[in-house]
Amino acid sequence: MGEAVVWLNGAIVPESAACVSVRDHGLLVGDGVFESVRVTAGQAFAVGRHLARLSRSAEALGLELPDAAALRGAVSDVLAATGIVEGRLRITATSGPGGFSSARPVGPVTVVVAAEEAPPWSPLVAVVTVPWPRNERGATAGVKTTSYAENVLALQRAHAAGAGEAIFANTRGELCEGTGTNVFLVLKGRLVTPPLSVGCLAGVTRQLALEITDAAEETVPLGALAEATEAFLTSTTRNVHPISAVDGTALPACPGPATVAARQAFASLMAETLDP
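Worth saying up front: this structure is predicted, and the values here are computed from it rather than measured. (Residues numbered from 1 in each chain as written. Predicted model: local features only at pLDDT ≥ 70, side-chain atom pairs only at ≥ 80, totals over all residues. Heavy atoms only, no water.)

### Points about the packing of helix 2 (residues 47-61) against helix 3 (residues 68-82)
Line of reasoning, step 1. Contact geometry for helix 2 and helix 3: axes closest at 11 Å, N-to-C directions at 130°. The orientation of helix 2 with respect to helix 3, classified from their angle, is oblique. Crossing of helix 2 against helix 3: the hand is right-handed. Between helix 2 and helix 3, the contacting residues are Val47, Gly48, Leu51 and Leu54 on the first element and Ala68, Leu71, Arg72 and Val75 on the second. (Axes fitted to C-alpha atoms, helices over the stretch in contact; angles between N-to-C directions. Helix = DSSP H or I, 4+ residues; strand = E, 2+ residues; numbered from the N terminus. Parallel < 35°, antiparallel > 145°, perpendicular 65-115°, else oblique. Left-handed = near helix turned anticlockwise from the far one by under 90°. Contact = heavy atoms within 4.5 Å.)

### Brief notes about the sheet that holds strand 6 (residues 110-117)
Line of reasoning, step 1. An order of 2-1-6-5-3-4 is seen for the six strands of this open sheet, with the pairing classed as antiparallel. Only two strands of the sheet have a single partner each, and these edge strands are strand 2 (11-14) and strand 4 (43-44).
Line of reasoning, step 2. Relative to strand 2, strand 1 (residues 5-8) runs antiparallel, the two sharing four bridges. Following the sheet pairing, Val5 is matched in strand 2 by Pro14.
Line of reasoning, step 3. Most of the contacts of helix 2 go to strand 3 (residues 32-40), to which it runs at about 175°, and overall it touches strand 3, strand 4 and strand 5 (87-94).
Line of reasoning, step 4. Relative to the sheet, helix 3 contacts strand 1, strand 2, strand 3, strand 4, strand 5 and strand 6, its axis offset from that of strand 6 by approximately 35°. (Pairing = 2+ DSSP bridges.)

### Some points on the packing of aromatic side chains
Line of reasoning, step 1. This model, assessed by the stated rule, comprises three aromatic pairs.
Line of reasoning, step 2. On the basis of an interplanar angle of 75° and a centroid distance of 5.3 Å, the ring pair of Phe34 and Tyr148 is categorised as edge-to-face. With Phe34 in strand 3 and Tyr148 in the loop between strand 7 (125-129) and helix 4 (149-160), the pair connects residues that are 114 residues apart, well separated along the chain.
Line of reasoning, step 3. A ring pair is formed by Phe184 and Phe232, whose centres lie 5.0 Å apart and whose planes are at 10°; its orientation type is stacked. Taken as a pair, Phe184 in strand 10 (residues 182-187) and Phe232 in strand 13 (residues 230-235) lie far apart in primary sequence, 48 residues in all.
Line of reasoning, step 4. Its relative accessible area of 1% is what places Phe232 among the buried residues.
Line of reasoning, step 5. In this structure, Arg90 is placed above the aromatic ring of Phe34, and the distance from its NZ or CZ to the ring centre is 3.9 Å.
Line of reasoning, step 6. The cationic tip of Arg134 hangs over the ring face of Phe168; the distance from NZ or CZ to the ring centre is 3.8 Å. (Phe/Tyr/Trp six-rings, centres within 6.5 Å; stacked < 30°, edge-to-face > 60°. Buried < 20%, exposed > 50% of the residue type's maximum accessible area, 1.4 Å probe, protein only. Lys NZ or Arg CZ within 6 Å of the ring centre and 35° of its normal.)

### A look at the nonpolar core
Line of reasoning, step 1. With 24 residues, the main nonpolar core has Val33, Val75, Leu79, Leu89, Ile91 and Val113 as its most contacted residues.
Line of reasoning, step 2. Going through the elements one at a time, strand 3, helix 2, helix 3, strand 5 and strand 6 are the ones with two or more residues in this core.
Line of reasoning, step 3. Excluding residues that lie within four positions of it along the chain, Leu89 makes contacts with Glu35, Ser36, Val37, Val39, Val75, Val78, Leu79, Val113, Ala114 and Ala115.
Line of reasoning, step 4. The next biggest cluster of nonpolar side chains, apart from the first, holds 19 residues, and it includes Val220, Ala228, Ala231 and Leu251. (Core = buried A, V, L, I, M, F, W, Y, C linked by side-chain atoms within 4.5 Å.)

### Some words on the environment of Val47
Line of reasoning, step 1. Tracing the sequence through the fold places Val47 in helix 2.
Line of reasoning, step 2. Between the C-alpha atom of Val47 and that of Val75, which follows or precedes it by 28 residues, the distance is 8.8 Å.
Line of reasoning, step 3. Here Val47 is in contact with Arg72, Val75 and Asp275, once residues within four sequence places are set aside.

Structural data, given as structure tokens:
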């Protein structure tokens, strides 16, 4: 594999030569949106769903992106140029260069598409709950923005505790989401996941899991996670990732039968189509 390359504002360029302004609002104030896409067998998985969510996020922030066909072409060009077989691809769009204030720039957006190899996740993951709530009524609730400092802090807290993911409640004390994951849990024999009304991100893998399992959307308190008989995380790169412990207490089953069934159903889906 040769020098790393990226797609920047319409062209493939060497990563070392890719230049984004120091005045870019994505850098200065986190005014941007993004998507992480799984790369498997050299192709982007569920890219249609990811581009649709990117469009919804951009619309929520008032950003005007290149059309879906252009972005699909950028994804294909990056994968062809990098030769990555298994990994992840990221599409990032910001409001472009402007001033140092929070005022939105008037110029064109900055769009970057880049890919990298990614190591496999551990077979199981321990999680911790964190004391900082998601604001389910916030202006960017449910929008995949580049403002991730809160997630960085929460994940650092999880790693310091020997865990692999941090779990948030919302302002009402309801189970919400992880720093980059959605949560599924089995309570009284039923597989459930928080509804989008709690403020969680509409994860692509979450939606696919809802479609291929008997999971239901249900609002539950944060404490329900530790009371679950089994639980798992979903995300673009994790797929279905069994939770072994919550705040240091092991769950009764890991992976439990619902988790195993969900993982098998997801593997079958990926084997059937890469753009469900």
